[in-house]
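Structural features, examined
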Number of protein chains: 2
Amino acid sequence: MTAEGERESPTDRVRAFVPGHVTGFFSVHRHHDPEKAGSRGAGLSLTDGVTVALEPADSIEVVLDGDPVEMESVVRTLDSLGVEARATVKSSVPVSAGFGVSGGAALGTALVANQQFGLAHTETELVGIAHAAEVEAGTGLGDVVAQTHGGVPLRLDPGVPPEGRLDSIPVRPTRIEYVSFGGRSTGKIIGGDIVTLTAAGEHALGALRERPTLTRLLALSRTFAREADLLTSAAETAIDAVDEAGGEAAMAMLGDTVVALGEGLSMAGYDPVVCEVDPAGARLV
Amino acid sequence: MTAEGERESPTDRVRAFVPGHVTGFFSVHRHHDPEKAGSRGAGLSLTDGVTVALEPADSIEVVLDGDPVEMESVVRTLDSLGVEARATVKSSVPVSAGFGVSGGAALGTALVANQQFGLAHTETELVGIAHAAEVEAGTGLGDVVAQTHGGVPLRLDPGVPPEGRLDSIPVRPTRIEYVSFGGRSTGKIIGGDIVTLTAAGEHALGALRERPTLTRLLALSRTFAREADLLTSAAETAIDAVDEAGGEAAMAMLGDTVVALGEGLSMAGYDPVVCEVDPAGARLV
């Protein structure tokens, strides 16, 4: 057995799994310290997500599903940790479609680097590094802390612990369906005018905290998407169809993606991907 | 599908699993508010633990592995939630042997009651109720918050969030072995003179935070057991045997139990129970 906190042998491949995370509603909170910047809101962690492995390299590189990519969140994470490595990221969720792939890749990279290179950081330290990398890359604001927790996270305060307080809605094993109609740029939206969006997100969080249940989270997310003017026509059509079929659906922030509880999308005639709410959060595997 | 936050149908049995939790070292922090009282320290969450189910009853009752028992932590939890029910607790770890059965039963009860009776509390609210019940029952100080997190929790501050800050040591899937030589009373020790114990626990936590790794947690736990004068002769013999066999072991606080990483106890000639570090924490199943 390899002692923790020491370098692993090169043949002993370390990997991390990070759940995909779909935000239902959110508000944006800017701050000059990236560990205190972030979002408040709520969403779902999924058993579909990303896996990350690292191998030592002469420079920092990222390979996503077989292709070299620019993924600034991962580069910044490795940079903060002082590790030069090639990160191999595999995603079972669509990229740029609201599943938190960039945040998940950063968090998975931090967990693997810590183990493989014997860095001896705690979970909170690694989450702080990955969250800051994601915020500075401009690709997300709240996925990393939510993905760390798993389940149905409520982000009560922006940023990472201790400031960034998290709570969650306890749920039974829950089937989730999703369809994705395409990508959209997170950076363009969270870098733009966020006054209306943030007011709608704050209202939704307050309403959810009055009675925190899963169905209410979906309903408040639908209202948020309309109020924040982020609802696409494909998503609207799917959400309405699920509603007519008696199910519960919402749009993933920020992607042209719809998620539904149980068999909501199947009942509405869609051919969705099926997974579950992830019960465990990001972890070495 | 049953909507969350509504009563489940009586035929739809809700259960919770709560990992066993073995404390390696701790310090005691008393407070008149039971949500702020507790312990600091570190330990291991295990894939062996307790499952809890509830059924409506005319009065509060607890059945543990088939036998009616007095378990004040569960009674107080149900009382706080305003639920009259019979709690059926099954434990795959020994009772009163340092595995956090009383705290786990309280936490599992809170999770199941919330779902089954449509109470719509958040995780943090339920943890607060179970932790307070456990503290007031005098049967534990830190298991509930640790069991909520899973993994290898570091209890940085006593009590429940937001005051009770938690961190953790990220680990790969890790085989754990344990043997139990008998029970001992938590209440007698944590209700007694805790000056030496608390000084030793504070020192261990400080030393672990300087370099938070799993092997160091075990080593500091061994030192703590000696310094706090809690080491039993059976535990000492087993720990020494594991050490001689080249493994890492420590005593469970508070029980006459030894846990080892990997195959430590097998290598030393014991016939241990085998499980893993629990990656997920307490959850509905």
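Here's a quick rundown of the structure. (Residues numbered from 1 in each chain as written. Chains lettered and ligands numbered in written order. Predicted model: local features only at pLDDT ≥ 70, side-chain atom pairs only at ≥ 80, totals over all residues. Heavy atoms only, no water.)

**With respect to the sheet that holds strand β9 (residues 249–251) of chain A**
Either a parallel or an antiparallel arrangement is found when strands of a sheet pair, and the pairing is made through backbone hydrogen bonds. All names here are of chain A. Spatially, four strands are ordered β9-β10-β8-β11 in an open sheet, and the strand pairing comes out antiparallel. Two strands close off the open sheet at either side, each with one partner strand: β9 and β11 (273–276). Each strand axis lies, on average, 25° off the axis of its neighbour in the sheet, ignoring direction. With three bridges joining them, β9 and strand β10 (residues 256–261) adopt antiparallel strand pairing. Residue pairing for β10: Ala 249 is matched across the bridge by Ala 260. Contacts from helix α8 (residues 233–244) reach β8 (175–182), β9 and β10, with the element oriented near 15° to β10. (Pairing = 2+ DSSP bridges. Helix = DSSP H or I, 4+ residues; strand = E, 2+ residues; numbered from the N terminus. Axes fitted to C-alpha atoms, helices over the stretch in contact; angles between N-to-C directions. Contact = heavy atoms within 4.5 Å.)

**Observations concerning the relation of the copies chain B and chain A**
By a simple turn and slide, chain B fits onto chain A: the slide is 0.0 Å along the axis, the RMSD is 0.0 Å, and the turn is 180°. Each copy turns onto its partner about a two-fold axis. Nearest to the rotation axis, the C-alpha of B:Ala280 is located 2.0 Å from it, this being the minimum over chain B. (Least-squares fit on C-alpha atoms with pLDDT ≥ 70 in both.)

**A few points about the nonpolar core**
Side chains of a nonpolar character, in soluble globular proteins, are inclined to be buried together. Judged by nonpolar contacts, the single largest core of 90 residues is most densely connected at A:Phe25, A:Leu197, A:Leu217 and A:Phe224. With eight residues, helix α2 (residues 101–116) of chain A is the single largest residue contributor to this core. Beyond its immediate chain neighbours, meaning those up to four positions away, A:Leu217 contacts A:Phe25, A:Ala42, A:Gly43, A:Leu44, A:Val152 and A:Leu208. Core analysis: the next-biggest nonpolar cluster, separate from the first, contains 89 residues, B:Leu64, B:Phe117, B:Leu126 and B:Ala235 among them. (Core = buried A, V, L, I, M, F, W, Y, C linked by side-chain atoms within 4.5 Å. Buried < 20%, exposed > 50% of the residue type's maximum accessible area, 1.4 Å probe, protein only.)

**Section: the sheet that holds strand β11 (residues 273–276) of chain B**
Residues and elements named next belong to chain B. Judged by pairing direction, the sheet is antiparallel, and its four strands sit side by side in the order β9-β10-β8-β11 without closing on themselves. The strands lining the two open edges of the sheet, one partner per strand, are β9 (249–251) and β11. Within the sheet, the average angular offset between the axes of one strand and its neighbour, ignoring direction, is 25°. Sheet strands in contact with helix α7 (residues 214–227) are β9 and β10 (256–261), and its direction is about 45° off that of β9. Across the face of the sheet, helix α8 (residues 233–244) comes into contact with β8 (175–182), β9 and β10 while running at roughly 15° to β10.

**As for the pairing of strand β1 (residues 15–29) of chain A**
Residues and elements named next belong to chain A. Counting buried positions along β1 gives 13 out of 15 residues, so the element sits mostly inside the fold. Summarising the sheet, β1 and strand β2 (residues 38–56) pair through 14 bridges and their orientation is antiparallel. Counted as the bridge partner of His 29 is Gly 38 from β2. The sheet contact formed by β1 and strand β12 (residues 283–284) spans two bridges and is antiparallel. Looking across to β12, one finds that Ala 16 is bridged to Leu 284.

**Observations regarding unusual backbone geometry**
With an omega dihedral of 5°, the bond running from A:Pro161 to A:Pro162 counts as a cis peptide bond. On the secondary structure map, A:Pro162 appears in the loop between β6 (153–155) and β7 (166–168). The phi dihedral of B:Asp65 is positive, around 50°, even though this residue is not glycine. Note that B:Asp65 resides in the loop between β3 (61–64) and β4 (67–69).

**Here we look at the interface of chain B and chain A**
Each side of the interface is counted separately: chain B has 41 residues, and chain A has 41 residues. Summed over the shared surface of chain B and chain A, the number is zero salt bridges. Linking chain B with chain A are twelve residue pairs in polar contact (both at pLDDT 80 or more), by the criterion used here. A breakdown of the residues in the side of chain B that touches chain A according to their chemical character gives 19 nonpolar, twelve polar and ten charged. (Salt bridge = Lys/Arg side-chain N within 4 Å of Asp/Glu carboxyl O. Polar contact = N/O pair within 3.5 Å; in protein donor to acceptor, adjacent residues only side chain to side chain. Nonpolar A, V, L, I, M, F, W, Y, C, P; charged D, E, K, R; others polar.)

Scope: geometric values only; no functional claims are made or implied.
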